[in-house]
Amino acid sequence: GKITQAITTVFREKALNLLGIDNHKLSASYNWTDGSWTTAFPYNQNNPELYQEDYRSFAYSCINLRAEKIAESTTLLFKKQLKNEKPIYEHPFLELISKTNVYGQSFNEIEFLISTSLDLMGNALVYYPKNIFGMPTELIFVPWSRVVPVWNLDQTKILSYRYIQGTKSVEYFPDEVIHFRLPNLYFPLIGKATASACKIALNIDWYQ
């Protein structure tokens, strides 16, 4: 048992060295408890943007491929009727997705981001500012990794979504955002990531 453990430790040290990873900096809190992708990485608390690329592996390749296929799809709008349904080509929603937002992102890019965010984190947030008539004027993707839900006292309702970047924060309210989430039997108000379903395989892959 001790010999096997020693060999495993040496192998792991060499593997990490080949990847340029300092084993002593690995977080002791490496776990999958919240069902999201970001907590799967030992460097998450230090610098996620710098280190997560090394650990996306086969799972991220699949997630990326699915998101690309969704982004390539054509969005059509139909008027609901009993028969002979035909696409609608003039509608405020179609005007909205034709320009999407001030950042120059296309609606297909927003679809890609939503799909990827759902698979990796179980949640995706889209902010839609309104004009004086209450009509949405833009669709802006909000990175869920920087969002903190603000709850009521018994945590049965999300009062707002706080987006934090550095020392600044922005508060988004439920009537101005669309919160996409994958089913979560343990806590329905927050989604569960698709990646969490293959956590054992990802864990093995990471150690290899």
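Only a predicted model underlies this, so the values are computations on that prediction, with no experimental measurement involved.

**A word on the confidence of the model for the protein chain**
Any residue range with low pLDDT should be treated as having predicted coordinates unsuitable for detailed reading.
Thought 1: For the protein chain, the mean per-residue pLDDT works out to 77, and 69% of the residues sit at or above 70.
Thought 2: A low-confidence stretch, residues 23-45 (pLDDT under 50), is modelled with 55 contacts involving residues beyond four sequence positions or located in other chains.

**A look at helix H5 (residues 107-121)**
Thought 1: In this model H5 runs 21 Å from its N-terminal to its C-terminal C-alpha over 15 residues, within 8% of the 21 Å that 1.5 Å per residue would give.
Thought 2: Of all 15 residues in H5, 11 are buried; the element is thus mostly enclosed.
Thought 3: Directly beyond the C-terminal end of H5, a positive phi value near 85 degrees is found at Gly-122.

**Brief notes about the sheet that holds strand S6 (residues 158-165)**
Thought 1: Across the sheet, 3 strands lie side by side as S5-S6-S7; this open sheet has antiparallel pairing. Edge positions in the sheet fall to strand S5 (147-151) and strand S7 (168-172), since each of these pairs with one other strand and no more. Ignoring which end each strand starts from, the neighbouring axes of this sheet average 25 degrees apart.

**Considerations on the sheet that holds strand S3 (residues 123-127)**
What holds strands together in a sheet is hydrogen bonding between their backbones, with the strands either parallel or antiparallel.
Thought 1: Strand order in this open sheet of 3 strands is S4-S3-S8, and the pairing throughout is antiparallel. This sheet does not close on itself; its edge strands, each paired only once, are strand S4 (140-142) and strand S8 (177-181). Strand-to-strand twist in this sheet, taken as the mean axis angle between neighbours without regard to direction, amounts to 25 degrees.
Thought 2: Examined bridge by bridge, S3 and S4 share 3 bridges and lie antiparallel to one another. By the bridge assignment for S4, Tyr-127 is matched with Ile-140.
Thought 3: Where H5 meets the sheet, it contacts S3, S4 and S8, and its direction lies at approximately 145 degrees from that of S3.

**With respect to the pattern of salt bridges**
Thought 1: Tallied over the full model, the rule gives 3 salt bridges.
Thought 2: In this structure, the salt-bridge partner of Arg-66 is Asp-119, at a minimum N-O distance of 2.5 Å. With Arg-66 in helix H3 (residues 57-72) and Asp-119 in helix H5, this pair connects stretches of sequence that are 53 residues apart.
Thought 3: The exposure class of Arg-66 is partly exposed, given its relative accessible area of 42%.
Thought 4: We note a salt bridge from Glu-72 to Lys-69, for which the minimum N-O separation is 3.9 Å. With a gap of 3 residues between them, Glu-72 and Lys-69 both fall in helix H3, about one helical turn apart.

Reading the values: rules and limits
Residues numbered from 1 in each chain as written. Predicted model: local features only at pLDDT ≥ 70, side-chain atom pairs only at ≥ 80, totals over all residues. Heavy atoms only, no water. pLDDT = per-residue confidence, 0-100. Contact = heavy atoms within 4.5 Å. Helix = DSSP H or I, 4+ residues; strand = E, 2+ residues; numbered from the N terminus. Expected span 1.5 Å × (residues − 1). Buried < 20%, exposed > 50% of the residue type's maximum accessible area, 1.4 Å probe, protein only. Pairing = 2+ DSSP bridges. Axes fitted to C-alpha atoms, helices over the stretch in contact; angles between N-to-C directions. Salt bridge = Lys/Arg side-chain N within 4 Å of Asp/Glu carboxyl O.

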